[in-house]
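Residue strings, one per chain:
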Amino acid sequence: MRKLKAKRVVIKVGTSTLVYPDGSINLRAIDQLAFVISAMRHRGREVVLVSSGAIGVGLNYMGLKQRPKAIPEQQAIAAIGQTELISIYKERFAIYEQKIGQLLLTRDIFVYPKSHHNVLNTFEALLKQNVVPIVNENDTVAVDELDHETKFGDNDQLSAIVATNIGADLLIMLSDIDGFYDGNPNADARAQLLGHIEQVDQHTYELAGGSGSRFGTGGMVTKLKAAERMIDANGQMILANGADPAIIFQILAGEPVGTLFG
């Protein structure tokens, strides 16, 4: 059995968990996620959810099959999708009598001292009031410019930045893969799942690869960067398959599912 510190937990859920490959919304997974997190809260754990999916949900809502190429169009789809996504979350969490709050962040919030201080106070106030903060990047305004970088790049990094800033013990990253392998399991039948990685080093990165779907942006390298950030902050991260969010119960029980980093 694994020994985990899990009083304050950040859960990151990828688009692949929330949106089916055909673009339709996976309401069952969202409902299960709401149930699990609500149960965690009712047992005294503090939980923050970092949720991808705004663009994927927006594409579905607008009946589009492909992500637009133009940045303004992508940002418009994100605005539409974020509204729909948070509405679904609110409905599902209400079933389990759990209140939620929404935080849309840009990277510069953590760079400037005053905004950094204010956002940390917001997290603390929400958690103190037994509210689950649901976090996403503010895709409608985030940009990358020479003197004003506001994008996190992906929600893997966002989840780790949030987790380390709020002093979370554990980051649970749910994806479409069972954990970290020593090879590509889709191409190599001999690839083995690594149950525990104490440190992320150059060799670990050399084993990594992969790409996101048309709805998401994350790959294995971004997950390793998140794990490295958590380890550097004396925290832990678990990468596991989010097809059934009830796997979180197994993780918190110390069962050896997924890959533990740290």
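That block above? That's the structure.
Per chain, residue numbering runs from 1 following the sequence as it is written. Local features in this predicted model are restricted to residues of pLDDT 70 or higher, and side-chain atom pairs are both shown and tallied only at a pLDDT of 80 or more, whereas totals for entire chains, interfaces and linings draw on every residue. Note that the side-chain values use all heavy atoms of the structure and ignore hydrogens as well as water.

Student: Break down the side chain of S175 for me, with residues and values.
Tutor: The numbering of helices and of strands both runs from the N terminus, where a helix is a DSSP run of H or I of at least 4 residues and a strand a run of E of at least 2. By the element assignment, S175 lies in strand β7 (residues 170-175). Only protein chains enter the calculation, and the probe is 1.4 Å; a residue is then buried if its accessible area is under 20% of its type maximum, exposed if over 50%, and partly exposed in between. Given the relative accessible area of 8%, S175 is considered buried. A polar side-chain atom of S175 sits 3.2 Å from a polar atom in the side chain of D176. Discounting chain neighbours no more than four positions away, the residues touching S175 are S16, T17, K223, L239, A240, N241, G242 and A243. Throughout this description, a polar contact denotes any pair of N or O atoms lying within 3.5 Å of each other; where both atoms belong to protein, one of them has to be capable of donating a hydrogen while the other can accept it, and for residues adjacent in sequence the pair is counted only when both atoms sit in side chains. Two residues form a contact once any of their heavy atoms are found within 4.5 Å.

Student: If you had to explain the packing of aromatic side chains to someone new, which residues and values would you point to?
Tutor: When the centres of two rings from Phe, Tyr and Trp lie within 6.5 Å, Trp using its six-membered ring, the rings pair. Their planes under 30 degrees apart give stacked, over 60 give edge-to-face, and anything left gives tilted. In total, this model carries 4 aromatic pairs according to the counting rule given. With a centroid separation of 6.0 Å and 80° between ring planes, the pair formed by F35 and F249 is classed as edge-to-face. Of the two residues, F35 is situated in helix α2 (residues 27-42) and F249 in helix α9 (residues 247-252); the sequence distance between them amounts to 214 residues. We classify F35 as partly exposed; its relative accessible area is 34%. Aromatic rings pair up to connect F35, Y96 and F249 into one cluster.

Student: Would you mind going over unusual backbone geometry in detail, with residue names and values included?
Tutor: The residue N130 is not glycine, and still its phi comes out positive at about 60°. Topologically, N130 is positioned in the loop between α5 (113-128) and β4 (132-137). On the basis of relative accessible area, N130 is assigned to the partly exposed category, the value being 46%. A positive phi angle is found at N234, which is not glycine, with a value near 65°.

Student: Run through the pattern of salt bridges, naming residues and quoting values.
Tutor: Should their charged atoms come close, side chains of opposite charge can pair. By definition here, a salt bridge exists when the distance from a side-chain nitrogen of Lys or Arg to a carboxyl oxygen of Asp or Glu is within 4 Å. Inspection of the entire model under this criterion finds 6 salt bridges. Here R8 makes a salt bridge to E46, at a shortest N to O gap of 2.7 Å. Linking R8 in strand β1 (residues 8-13) with E46 in strand β2 (residues 46-51), this pair joins segments that are 38 residues apart in sequence. Taken individually, R8 and E46 each receive the classification buried, so the pair is uniform in this respect. Where D156 meets K12, a salt bridge forms, and the shortest distance between an N and an O atom there is 2.9 Å. With D156 in helix α6 (residues 155-165) and K12 in strand β1, this residue pair connects regions lying 144 residues apart in the sequence. Note on D156: relative accessible area 1%, which makes it buried. We classify K12 as buried; its relative accessible area is 7%. The network of salt bridges with common partners includes R8, E46 and E124.

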